[in-house]
Amino acid sequence: MADASSAADLDALRQEALAALTGATDPQAVEAWRVAYLGRSGKVTQALRSVGAQPAEQRREAGAAANRVKARLEKALAVRSEELRSARLDALSDDAIDVSLPGRLAEIGSLHPSTRIMREICAIFERMGFQVVEGPEVEWDRYNFELLNIPKDHPARDMFDTFWIDGAADEDGRSTMLLRTHTSPMQARVMEERRPPIRVVVPGKVYRYEATDATHESQFHQVEGLVVDEGVSFANLKHTLYEFARQLFGGERKVRFRCDYFPFVEPGVDVAIDCFKCDGDDARCRICRGSGWIEIMGAGMVHPQVLRNVGYDPDRYTGFAFGMGPERIAMLKYGIEDIRLFLGNDLRFLSQF
Ligand code: PHE
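Counting restarts for each chain, with residues numbered from 1 along the sequence as it is written. Selection of residues for local features in this predicted model requires a pLDDT of at least 70, selection of side-chain atom pairs for listing and counting requires 80 or more, and totals for whole chains, interfaces and linings are taken over all residues. Heavy atoms from the whole structure form the basis of all side-chain values; hydrogens and water molecules are not counted.

We call a residue near a molecule or strand as soon as one heavy atom of that residue lies within 4 Å of the molecule or strand. In the vicinity of the ligand, 15 residues are found, and the nearest of them are His182, Ser184, Arg208, Gln222 and Glu224. We define a polar contact as two N or O atoms separated by no more than 3.5 Å, with the added condition that, inside protein, one atom must be a possible hydrogen donor and the other a possible acceptor, whereas residues neighbouring each other in sequence contribute only through side-chain atom pairs. One of the side-chain N or O atoms of serine 184 is found 2.9 Å from a nitrogen atom in the ligand. Throughout, the Shrake-Rupley method with a 1.4 Å probe supplies accessible areas, and for residues the shown protein chains are the sole cover considered. With the chains in place, 92% of the 320 Å² that the ligand exposes on its own is no longer accessible. The numbering of helices and of strands both runs from the N terminus, where a helix is a DSSP run of H or I of at least 4 residues and a strand a run of E of at least 2. Listing elements by their share of the shell around the ligand, those giving two or more residues are β6 (219–229), β9 (293–302) and β10 (318–324). Counting residues per element, the shell around the ligand draws most heavily on β10, which supplies three residues. Here the shell around the ligand is built from residues that sort into seven nonpolar, six polar and two charged. Any residue outside Ala, Val, Leu, Ile, Met, Phe, Trp, Tyr, Cys, Pro, Asp, Glu, Lys and Arg is labelled polar, Gly included; the first ten of those are nonpolar and the last four are charged.

See the structure below:
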């Protein structure tokens, strides 16, 4: 092969290769050509390799000549590939479809603000060891009210304007099935199904038979929380909710606990944070309305009667529960002024999140 790198042979090789390339009219043929000449055991590669076998005084010149041929052929390959590519595109654009035009991007969308805030809330509790569980939206009176210490005709039922469902009724003909008015029925369901220790949060939809306005909707979400074990105290409740409020609203927030009434907790509290908008300095603040405090949830120690209702011994087990409205929290956090926007399906609103 020593003579394959003589100047004449190299020239012949170059001409042969260029002629062969003109005959390659599709990508496969071009690739075969590349392998045959420039590939690992292609003719040009071999010619380059044989340079080493030549007498020392010729090596330099022979090597340079072989490399020139190689460079020339690589250039020709690039040109040929491009020619074929644009020829193929020209052929395609004879059809009505221009395949080189970028496609229309599908709109991917984003998570609904209610979903986002609920995930954020649940993630904080998950980091504290809570498990996320879900429950039915169509619920029995027994779970929504009775097991929660709200018997029939109890005045607390007026707190919850209820959508009743026809189809199941008690002996007095009153419906026993409803759309849950809060996520608290899951307290009873989880306790019935498991034994302590219990640490769960329950995100989900709830329904109220109410006229709608800027702060009331007939459908919204809640996130419920429940902790039950031996020796759970009000101090545990306070610590957990402090920690939650700071993680969601920032480390400087103060948290206020005030007595409140819910039949299924004792003592019951409402939990508020100090106003992050005006620090209580603006009498006309649209977030706290001048009070300096923003209520973010209801909470309390699980009522002993509720524990008994699900077969727990209240002398052995204690617990705390809390419930909050993610839409309300999102309204506070993002300055949303009308709760009806959440279900309004207006993309101008939704796409801001
Ligand atoms: N379920 C109550 C409501 O909807 C909130 C709450 C939950 C209060 C748990 C105390 C404990 O208003």
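Picking up after the structure, the text goes on.
Our next topic: the nonpolar core. Here, the term nonpolar core denotes a set of buried Ala, Val, Leu, Ile, Met, Phe, Trp, Tyr and Cys residues that are joined through side-chain atoms within 4.5 Å. Think of it in three bands: with a 1.4 Å probe and only protein chains considered, a residue is buried below 20% of the maximum accessible area for its type, exposed above 50%, and partly exposed in between. If you look at the biggest cluster of nonpolar residues, it comprises 45 residues, and the most contacted ones within it are Ile121, Phe125, Leu241, Phe244, Val271, Phe322 and Met324. Aside from chain neighbours lying at most four places away, what touches methionine 324 is Ile121, Phe125, His221, Gln222, Val223, Phe244, Ile296, Met297 and Ile329. The criterion used for residue contact is that any of the two residues' heavy atoms lie within 4.5 Å.

The source of the domain bounds is an automatic or database domain assignment. Each assigned domain of the protein chain is listed here: domain 1 (4–95) and domain 2 (113–350). In this structure, domain 1 and domain 2 have C-alpha centres spaced 76 Å apart.

Any Lys or Arg side-chain nitrogen found within 4 Å of a carboxyl oxygen on Asp or Glu counts as a salt bridge. Evaluated as defined, the whole model comprises 22 salt bridges. Note that lysine 70 and glutamate 74 form a salt bridge whose closest N and O atoms lie 4.0 Å from each other. One end of the pair, lysine 70, and the other, glutamate 74, are both in helix α4 (residues 56–93), four residues apart, so they sit about a helical turn from each other. Exposure remark for glutamate 74: the relative accessible area of 40% places this residue in the partly exposed category. Sharing partners across several salt bridges, the network here consists of Asp141, Glu146, Lys152, Arg157 and Asp170.

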